[in-house]
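# Architecture and fold: a report
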Amino acid sequence: MPKPIVAIVGRPNVGKSTLFNRILGRNFAIVEDMPGVTRDRNYAEAEWEEKHFLLVDTGGFEPETDDVMYSKMRDQTTLAVEEADIIIFLLDGKEGLLPSDIEVSHRLRASGKPVLYAINKVDGVRHEGLLPDFYRLGIDTLYPLSAQHGPGFSDLMDELWRMLPESPSQPEAGEEAVIPRISILGRPNVGKSSFVNSLIGEDRMIVSPVAGTTRDSVDSLYQYYGRKYILVDTAGIRSRGRISQGVEKYSVMRAMKSLVRADVALVLIDASEGITEQDERIAGLAHEEGKGLILILNKWDLVPDKEEAYKKFMTDIQQRLKFAAYAPVLTISAKTRQRITKIFDEIDRVIQETEKRVPTAELNRVFERLTATHEPPLYRGKRVKYYYITQGSIKPPTFILFVNYPDGVHFSYLRYIENNLREAFGFQGTPLRIFAKSRREERTKGERSSKKK
């Protein structure tokens, strides 16, 4: 079941980003030094009292403007409203109610989505004088608060908590849970619709419609030579509303929503144009979500010198998409259906890799060799001892390192370990997660288990 989306909207400079960070409980920042993974990110996974949701920060909404930048921000916010399950409409308590606020409220009411009306920058009695003016919006309940300092924040979050559904504790049951879900992603005009139309061509058959768990999504169940796949929330399968057609370029949010429920992401790239920043962002989403990933160079029929172009693409992937260098690359033409059917074999291989488990004994044979070959760096003048490694889970494969100083495990050494694990065991098409833990944590956990017995 996908997490609900909560979008914060409002005019520019009303404090949306400040509220965004307060809900997350931290200043949201890039945590990896890899381009394309978290660049220009304005969304995050959030949790409040054990309820989980996706939080979206928007740039600002000006209903009527000739400014190109504000127009783009308005388009982005329009998409956020369309995709959101709950909206927090943030207003400025110091400036009072403005005509543009009234226009935004009309649009939000027309969306039919549940809306929380929050009045920001209310830091005390001296700022409460303008509050009655906001009731002209025709709203019974307002939530005055200070996103920067905290007063009133808990009241808003308590109401949001009541509106959020319970986070599921168990995965979906039944046959649909074991049929792989495939998300087809890409920026506008890379040929997603043509690609989907090729997939449902003469050698494929629609078996039945499968109702999606989101309000406006219908997934489709397909069969290819007896193998079933669910295509998730894909352009070309269901028609989009007029709003979407105007702002499809903001495809990151759509990609995020589609990825939540997918097992494998197919990221389409226009081979005639090369890799763009938006391609980096979308591939980065699949990597961050821990999904299987296949890069598909579409429109290969339009590429003149194919051998030279392929070499350049592989170089660009190593440089611009180095965080996803593990992903297989396929060259296709949706228009001519060139190599279309090879995609399903690749999907099956990637799924196997995401579900791969390596026995602890085999893992540690490789692990002992790589730590002996390349000694880890010191931590505050002390040697970091690597005791052993074990695989904790799959989808994506996740490994736990037991060491004496977890804080001393440098990310570059984790990358070294990852590269060696891939060389030894494959894992093509899937991200790997590697975490360091103290050996004491394992012992303490074991002692607690023994006491319970």
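The coordinates are above.
Notes on the structure in this doc start here. Counting of residues starts from 1 at the beginning of each chain's written sequence and follows it residue by residue. For a predicted model such as this one, the threshold for reporting local features is a pLDDT of at least 70, and the threshold for listing and counting side-chain atom pairs is 80 or more; totals across whole chains, interfaces and linings nevertheless cover every residue. The basis for every side-chain value is the complete set of non-hydrogen atoms in the structure, without hydrogens or water.

### Quick look at the environment of E368
Our working definition: Runs of E in the DSSP output that reach at least two residues are strands. Runs of H or I that reach at least four are helices, and both are numbered from the N terminus.
Looking at the secondary structure, you find E368 in helix 11 (residues 360-373). Here the alpha-carbon distance between E368 and Y388, two residues 20 residues apart in the chain, equals 7.9 Å.

### Things to note about the sheet that holds strand 5 (residues 115-120)
As a reminder, the rule being used: By this definition, two strands are paired if DSSP reports at least two bridges between them. Residue contacts are counted whenever heavy atoms from the two residues lie within 4.5 Å of one another. Under this scheme, a helix contributes an axis fitted over its contacting stretch, all axes are lines through C-alpha atoms, and angles between N-to-C directions fall in the 0 to 180 degree range.
Strand order in the open sheet formed by six strands is 2-3-1-4-5-6, with mixed pairing between adjacent strands. The two strands at the open ends of the sheet, each matched to only one other strand, are strand 2 (43-48) and strand 6 (143-144). Taken together, the six bridges between strand 2 and strand 3 (residues 51-57) define a ladder with antiparallel strand orientation. By the bridge assignment for strand 3, W48 is matched with K51. Here helix 1 (residues 16-24) sits on the sheet in contact with strand 1 (5-9), strand 2, strand 3 and strand 4 (86-92), set at roughly 160 degrees to strand 3.

### What to know about the pairing of strand 12 (residues 292-298)
Just so we agree on the cut-off: When accessible area is computed with a 1.4 Å probe and restricted to protein chains, residues below 20% of their type maximum are described as buried, those above 50% as exposed, and intermediate ones as partly exposed. Orient the strands so they point away from the viewer, and a crossover whose first-strand-to-second-strand path over the helix runs clockwise is right-handed.
Counted residue by residue, strand 12 has seven buried out of seven residues, so it is predominantly covered. Covered by surrounding structure in strand 12 are G292, I294, I296 and N298 together with L293, L295 and L297, the residues of both alternating faces. Between strand 11 (residues 264-270) and its parallel partner strand 12, the chain crosses via helix 8 (residues 277-288), and the hand of that crossover is right-handed.

### Things to note about the pairing of strand 4
For a regular strand, side chains alternate in direction, first toward one face of the sheet and then toward the other. The element strand 4 is largely enclosed, with a buried count of seven among its seven residues. On strand 4, burial covers both faces: I86, I88, L90 and D92 on one face and I87, F89 and L91 on the other are all buried. Note that strand 4 and strand 5 share six bridges and pair parallel. Within strand 5, the position partnered with I88 by the bridge is L116. Taken together, strand 4, helix 3 (residues 99-111) and strand 5 constitute a β-α-β crossover, and its handedness is right-handed.

### Some details on the packing of helix 1 against helix 4 (residues 153-163)
Let me state the cut-off plainly: Note that the term roughly parallel is reserved for angles under 35 degrees, roughly antiparallel for angles over 145, roughly perpendicular for angles of 65 to 115, and oblique for everything else. Three classes are used: nonpolar for Ala, Val, Leu, Ile, Met, Phe, Trp, Tyr, Cys and Pro, charged for Asp, Glu, Lys and Arg, and polar for all others, with Gly counted as polar.
Where helix 1 meets helix 4, the axes come as close as 12 Å, and the angle between the chain directions of the two elements is 70 degrees. Relative to helix 4, the element helix 1 lies roughly perpendicular. Across from L19, R22 and I23 in helix 1, the residues of helix 4 making contact are F153, L156 and M157. Of the residues that constitute the contact of helix 1 with helix 4, the class distribution is five nonpolar, no polar and one charged.

### Topic: unusual backbone geometry
Cis geometry is found at the peptide bond from K395 to P396, where omega equals 0 degrees. Its location among the elements puts P396 in the loop between strand 14 (386-393) and strand 15 (398-403). Non-glycine residue K121 carries a positive phi angle of around 65 degrees. Tracing the backbone shows K121 in the loop between strand 5 and strand 6. With a relative accessible area of 23%, K121 lands in the partly exposed category. For R339, which is not glycine, the phi torsion reads 60 degrees and is therefore positive. Mapped onto the fold, R339 is located in the loop between strand 13 (329-331) and helix 10 (342-354). By relative accessible area, which is 31% here, R339 ends up partly exposed.

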